[in-house]
Amino acid sequence: MCLTLSYMLRLSRRTTPIILRMHAQSVLRNVRLVSGLILMTFVAGHLTNLLIGIHSLAAMEAWRATLIGPWRTGLGEGLLLGAAIVHASLGLYAISARRSLAMSRTDVVQLILGLLTPPLLLNHVVATYTAAQVTPGFDSTYGMMLAIYWSFSPGYAFQQLFVVMIVWIHAALGLYSWLVLKPVWRRIGGLVLPVLFAVPILALVGFAESGKEVLEKLANDPSWKAHITDNIGRIVKVTSQREVFQTWVLSIYGGLLLLAICILAARMLRDRLNPVRIAYDEGLSAQGRRGLSILELSRLNDVPHSHVCSARGRCGTCRVHVDAGAQSLSPLDDAERAALARVGAREGDRLACQARVLGPGVSVTRLLPAYADASAARLPQEWIAGDRMGDGPVPAREPAP
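All of the points below concern the structure found in this document. Owing to the predicted nature of the structure, the values given are computational and were not obtained by experimental measurement. (Residues numbered from 1 in each chain as written. Predicted model: local features only at pLDDT ≥ 70, side-chain atom pairs only at ≥ 80, totals over all residues. Heavy atoms only, no water.)

Moving on, we come to the overall build of the protein chain. On a plain count of helices and strands, the protein chain comes out with 12 helices and 5 strands. By residue count, 43% of the 401 residues in the protein chain fall in the buried class. Surface accessibility of the protein chain: about 20500 Å² in total, with carbon and sulfur atoms responsible for 66%. (Helix = DSSP H or I, 4+ residues; strand = E, 2+ residues; numbered from the N terminus. Buried < 20%, exposed > 50% of the residue type's maximum accessible area, 1.4 Å probe, protein only. Areas by Shrake-Rupley, 256 points an atom, 1.4 Å probe, with all protein chains shown as cover.)

In structure tokens:
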């Protein structure tokens, strides 16, 4: 009994900071979501302004004050800069805080796109800001920027098109992953998905149509062409200073990314010294490092396990019933408790993505089939098998949106 009490005291000392970390991670996820929505709103405004180019260049300029103007104010610039710094920083933190490289294909795509976004956006932001500073009274109008893209620097145009695709796909995947778990998705999904696809496509069409108008204007309006050329000449004069600034910022970003990767590698090497084991239903088992979640150990050992929200503790589809060894798991936090309550969990159930294995081992039963989809998060009562062993009757899956 003394040995048991001693073990429980040691476990308590280890789990107290873990509870605090779990709460902090929940707050950080919400902050990252809000900052991402701010950035997506900014990008959506730009894309909407571009798609208006299908009508005319004049229409683009007329709508620019409404769609882009608020972001040019002191408040808008501060909000945008803060959201960008926070989102990029939390992305790097998410890498350093990972405990393994077990990720779904969607997570891998999101990670790669997220890492590419800051350096790709940097060149565009710096160039636009520089143009605004050295061409007073012209304020980087669409006419000037499109003239640069279509006539003076076509290579830069392709770079911007690439940036648009990277940023929008990253944002759209993030928004979809968040909304698809909400009950409201069944009502709005049919509208949201077409919009997510249509906005960038129409923006590219508007970019092409307005580009044709700019080329025609450059050919037929010598005074406007001279004005554009003069402004571009001013920008070229500060190119070296702009490149120095870009190199400085990219070096900082690269250093922080390297630091995040080193922290991840160090944690993985340290945890290898403490092996743990999980016994599943159907006679399956998994082994791995101490500190990994049940879901991470399932992925690393190729144990079929449902997980719709990519281990964010939102969907509840990865939940398990703990048959033995509950004291080896990290304790419940408020976020996990709320998620379990939302899906009608019973005593002894845990979210596999949140329950970390800290002791020598645990025995669990998976409660949903591995093919459970987002409807299992929206309508959990229709997916709970009668015998709670994952092999009972399961309703036909809802068609993917």
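Our next topic: unusual backbone geometry. Only a minority of non-glycine residues have a phi that is not negative, and only a minority of peptide bonds are not trans. Not every positive phi belongs to a glycine, and glutamate 282 is a case in point at roughly 65 degrees. By the element assignment, glutamate 282 lies in the loop between β1 (275-279) and β2 (285-289). The backbone of aspartate 302 sits at a positive phi, close to 60 degrees, despite the residue not being glycine. If you trace the backbone, aspartate 302 turns up in the loop between α10 (294-300) and β3 (320-324).

What follows covers the nonpolar core. In this structure, Leu47, Leu146, Trp168 and Leu196 are the most contacted members of the largest nonpolar core, which totals 48 residues. Among the elements of the structure, α1 (2-51), α2 (57-67), α4 (105-134), α5 (142-152), α6 (154-179), α7 (185-220) and α8 (222-237) are those that each provide at least two residues to this core. Residue contributions to this core peak at 11 residues, all from α6. With near-sequence residues (within four places) excluded, leucine 47 lies in contact with Val164, Trp168, Val199, Pro200 and Ala203. In terms of nonpolar packing, the next biggest core, distinct from the first, is built from 22 residues, Val276, Ala286, Leu292 and Ala339 among them. (Core = buried A, V, L, I, M, F, W, Y, C linked by side-chain atoms within 4.5 Å. Contact = heavy atoms within 4.5 Å.)

With that out of the way, let us pick up the packing of α2 against α5. Two elements in contact, α2 and α5, have axes whose closest approach is 10 Å; the angle formed by their N-to-C orientations is 130 degrees. Taken together, the axis directions place α2 and α5 in an arrangement best described as oblique. On α5, the residues that touch Leu57, Met60, Glu61 and Arg64 of α2 are Tyr142, Gly143 and Leu146. (Axes fitted to C-alpha atoms, helices over the stretch in contact; angles between N-to-C directions. Parallel < 35°, antiparallel > 145°, perpendicular 65-115°, else oblique.)

Here we have 5 strands laid out as an open sheet, ordered β2-β1-β5-β3-β4, and mixed in their pairing. For this open sheet the edge positions go to β2 and β4 (349-350), each flanked by a neighbour on one side alone. Here 2 bridges tie β3 to β4, and the two strands are oriented antiparallel to one another. Bridge assignment links valine 320 to a residue of β4, and that residue is arginine 350. (Pairing = 2+ DSSP bridges.)

What follows covers the packing of aromatic side chains. Under the counting rule described, the total for this entry stands at 4 aromatic pairs. Ring centres of tryptophan 150 and phenylalanine 207 lie 5.4 Å apart, and the angle between their planes is 35 degrees; this geometry places the pair in the tilted category. Taken as a pair, tryptophan 150 in helix α5 and phenylalanine 207 in helix α7 lie far apart in primary sequence, 57 residues in all. Accessibility expressed as a relative area gives 31% for tryptophan 150, which makes it partly exposed. In this structure phenylalanine 207 comes out as buried when scored by relative accessible area, which is 8%. By the ring-pair criterion, three or more aromatic residues cluster together here, those being Tyr149, Trp150 and Phe207. Above the plane of the ring of tryptophan 224 lies lysine 217, whose end atom (NZ or CZ) is 4.5 Å from the centre. (Phe/Tyr/Trp six-rings, centres within 6.5 Å; stacked < 30°, edge-to-face > 60°. Lys NZ or Arg CZ within 6 Å of the ring centre and 35° of its normal.)

With that settled, consider the environment of serine 35. Structurally, serine 35 is set in helix α1. Residue contacts for serine 35: discarding those within four places in its chain leaves Ala83, Val86 and His87. A distance of 2.9 Å separates a polar atom in the side chain of serine 35 from the backbone oxygen of arginine 32. (Polar contact = N/O pair within 3.5 Å; in protein donor to acceptor, adjacent residues only side chain to side chain.)

A few words on the state of the cysteines. Applying the stated criterion to the full structure yields 0 disulfides. The cysteine cysteine 315 is free of any disulfide, with cysteine 309 supplying the nearest cysteine sulfur at 3.5 Å. Cysteine 318 provides the cysteine sulfur closest to cysteine 353, a residue in no disulfide bond, and the two sulfurs are 3.7 Å apart. For cysteine 353, a relative accessible area of 6% gives the class buried. (Disulfide = S-S within 2.5 Å.)

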